[in-house]
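Report on the structure
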Amino acid sequence: MSIGGYRLLKNINKIFISQTIRKASTKAEVNFQKRIFSGIQPTGGVHLGNYLGAILNWVKIQNEHSNITLSIVDLHSITLPQESEILKKRILEMTATLLACGIDPDKSTLFLQSTVPQHTQLCWQLSCLTTMARLAHLPQYKEKSEKLKDIPLGLFIYPVLQAADILVHKATHVPVGEDQAQQIQLAQHLAKIFNTKYGTTFPIPHAIIADDTSSRIRNLRNPTKKMSKSEPDPKSRIQLSDTSDAILEKVKKAVTDFTSEVYYDAENRPGVSNLMVIHSMLTGLSMEEIYQDANSKKLDTGKYKLVVAEAVANHLAPIREKINNYLSRPQYIYDILEEGRIHATEVAQKTLDEVNLKVGTILNTENNFVVS
Ligand code: TYM
């Protein structure tokens, strides 16, 4: 496999398999078919955090374990203002990027969230089962709303839509980065509430979060924070679309510390440790191998940055080429999304029919009304 090396493959295997086996044996889940679902916002492009923390894991799962349903969640993106023409372009770019990273439409389902309205329909049902107090406590809402004078309602109920995304597909597993943990907990909570009120309908979805540092790739300019799309400084992240020169520039400017030796200590040396994580994941070298190599060549952190930049640039160049190749065939991208829509709609409508029947928000021919 061209991405990652043995260490990475072994790790993901271990994380995935151990969690799946453990969780799948829980009582509530025995009757549910294993289904894996995840989502990504089309805005802001794909950065190394998305790639290492989520996408690589999706490709790995798809190729070695099970098919996966992936949604490009445009309705989540519009919880903050977007320009329509740019949003459309970003959706195309995101689809091209996921394909270029190895998501295979013959194995997995890739669709645009807004084309499957069952997501928003279930969102409404679920929003009636939770409280404003519960949503107000979620950290991502707090963080994003802090900077706003007027807070859009969509931003507030964003996690309920995320729960609906997961539950409408009856997903049993959700591979994500660490920042999504609380949202998945809300989905678990809503599944339990619904099941208690209306009878078992949803599996309790489990987050698959790598227990190594890949689940939280750090901001290059401030390594105490995660790498993020919403960070204003573009030098804080490496985009998959960045040129080799831009990558070199960003890695050279990555904040480290005053110790020149290259060694891993995530707590006390988050900057250089983050670069080592990125380097290790993209080359398959272990931390020990990186440490030994840097020390035998007497590399200080400044020179080590050049090694990291080269590894990142070498890894991303073929992906960037593939992205451009897909982008030159927009009809192909639309066709993939249309196929995905058809498949996702089938699953989602089935769930929604069941929900509507249980909640009483549908009439079927077997209903007998007695007017007294
Ligand atoms: P989004 O678009 O912000 O991120 C997509 C995926 O990338 C992971 N990620 C990271 N992993 C490691 N280090 C980082 N610095 C880093 N930054 C981002 C995220 O954890 C995520 O897995 N709310 C979601 C999208 C969503 C979703 C869903 C996910 C909507 N519905 C249902 C799963 C299931 C989001 O904004 O992801």
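First things first, this report covers the structure right here in the doc. (Residues numbered from 1 in each chain as written. Predicted model: local features only at pLDDT ≥ 70, side-chain atom pairs only at ≥ 80, totals over all residues. Heavy atoms only, no water.)

1. Remarks on the overall build of the chain
- Looking only at helices and strands, one finds 14 helices and 5 strands in the chain.
- Buried residues in the chain amount to 50% of all 372 residues.
- Accessible area for the chain stands at about 18,100 Å²; split by element, carbon and sulfur atoms hold 53% of it. (Helix = DSSP H or I, 4+ residues; strand = E, 2+ residues; numbered from the N terminus. Buried < 20%, exposed > 50% of the residue type's maximum accessible area, 1.4 Å probe, protein only. Areas by Shrake-Rupley, 256 points an atom, 1.4 Å probe, with all protein chains shown as cover.)

2. Quick word on helix α5 (residues 118–127)
- Among the residues making up α5, those that are buried are Gln118, His119, Leu122, Cys123, Gln125 and Leu126. Taken around the axis of α5, the buried residues stretch over an arc of 165 degrees, which confines them to a single face.
- Against the buried residues of α5 lie β1 (37–40), β3 (109–112), α8 (153–168), α9 (181–198) and α14 (330–359). (Arc of directions from axis to C-beta. Contact = heavy atoms within 4.5 Å.)

3. Quick look at the sheet that holds strand β2 (residues 69–72)
- Reading across from one edge, β1-β2-β3 is the order of the 3 strands in this open sheet, with parallel pairing throughout. Looking at the sheet topology across the chains shown, the edges are occupied by β1 and β3. Across this sheet, the average inter-strand angle for adjacent strands is 20 degrees, counted without regard to direction.
- Along the sheet, helix α2 (residues 48–64) makes contact with β1 and β2, crossing β1 at roughly 145 degrees. (Pairing = 2+ DSSP bridges. Axes fitted to C-alpha atoms, helices over the stretch in contact; angles between N-to-C directions.)

4. Concerning the packing of aromatic side chains
- Scanning all chains against the criterion turns up 4 aromatic pairs.
- Look at Phe194 and Tyr198: their rings are 4.6 Å apart centre to centre, the planes differ by 45 degrees, and that puts the pair in the tilted class. Of this pair, Phe194 and Tyr198 both sit in helix α9, separated by 4 residues, roughly a single helical turn.
- Phe194 gets classed as buried once you look at its relative accessible area, which sits at 1%.
- Exposure remark for Tyr198: the relative accessible area of 24% places this residue in the partly exposed category.
- Their ring planes at 65 degrees and their centres at 5.1 Å tell us that Phe194 and Phe202 sit as a pair that is edge-to-face.
- The rings of Phe194, Tyr198 and Phe202 are connected pair by pair, giving a single aromatic cluster.
- Stacked on the ring of Tyr332, the Lys or Arg Arg329 has its end atom at 4.9 Å from the ring centre. (Phe/Tyr/Trp six-rings, centres within 6.5 Å; stacked < 30°, edge-to-face > 60°. Lys NZ or Arg CZ within 6 Å of the ring centre and 35° of its normal.)

5. As for helix α10 (residues 244–252)
- Every buried residue of α10 is accounted for by Ile247, Lys250 and Val251. Each buried residue of α10 lies within a common arc of 95 degrees when the element is viewed along its axis, so the set occupies one face.
- For α10, the elements touching its buried residues are α11 (270–283) and α13 (301–327).

6. Looking at the pairing of β1
- Relative to β2, β1 runs parallel, the two being bridged by 4 bridges. Bridge pairing links Ile40 to Ile72 in β2.
- As for the winding sense of the linkage, the β-α-β connection from β1 through α2 to β2 is right-handed. (Right-handed = clockwise from strand over helix to strand, strands pointing away.)

7. Section: the site of the ligand
- Close to the ligand lie 28 residues; Tyr158, Asp165, Gly177, Asp179 and Ile217 are nearest.
- Take Asn50: an N or O atom from its side chain is 3.1 Å from an oxygen atom of the ligand.
- Take Asp165: an N or O atom from its side chain is 2.7 Å from a nitrogen atom of the ligand.
- Here the ligand has 720 Å² of accessible area as a free molecule, and 97% of this is covered by the chains.
- Taken together, the residues of the shell around the ligand sort by class into 10 nonpolar, 13 polar and 5 charged.
- Among the domains, domain 1 (36–209 + 329–367) and domain 2 (217–326) are the pair contributing at least three residues each to the shell around the ligand. (Near = heavy atom within 4 Å. Polar contact = N/O pair within 3.5 Å; in protein donor to acceptor, adjacent residues only side chain to side chain. Nonpolar A, V, L, I, M, F, W, Y, C, P; charged D, E, K, R; others polar. Domains from an automatic or database assignment.)

8. Description of the side chain of Ser236
- One can find Ser236 in the loop between β5 (206–208) and α10.
- Leaving out residues up to four positions away in the same chain, Ser236 has contacts with Asn219, Leu220, Arg221, Met227 and Glu231.

9. Some details on the side chain of His173
- Structurally, His173 can be placed in strand β4 (residues 173–175).
- Within the local environment of His173, its side chain forms a polar contact with the side chain of Thr172, the two groups lying 2.9 Å apart.

10. A look at the state of the cysteines
- A complete count under the given rule lists 0 disulfides for this structure.
- Free cysteine Cys128: the closest other cysteine sulfur is in Cys123, separated by 9.3 Å.
- When its relative accessible area of 53% is taken as the criterion, Cys128 is described as exposed. (Disulfide = S-S within 2.5 Å.)

11. A few points about the pattern of salt bridges
- Applying the stated criterion across every chain, the model contains 15 salt bridges.
- As a salt-bridge pair, Arg90 and Glu93 come within 2.9 Å of each other at their nearest N and O atoms. With Arg90 and Glu93 both in helix α4 (residues 84–101) and 3 residues apart, the pair spans about one turn of that helix.
- When its relative accessible area of 23% is taken as the criterion, Glu93 is described as partly exposed.
- Taking the shortest distance from any N to any O, the salt bridge between Asp233 and Arg221 comes out at 3.7 Å. Highlighted residues: Asp233 in the loop between β5 and α10 and Arg221 in the loop between β5 and α10, separated in sequence by 12 residues.
- Looking at Asp233, the relative accessible area reads 31%, which means it is partly exposed. (Salt bridge = Lys/Arg side-chain N within 4 Å of Asp/Glu carboxyl O.)

Purely geometric stuff here, so don't read any function into it on its own.
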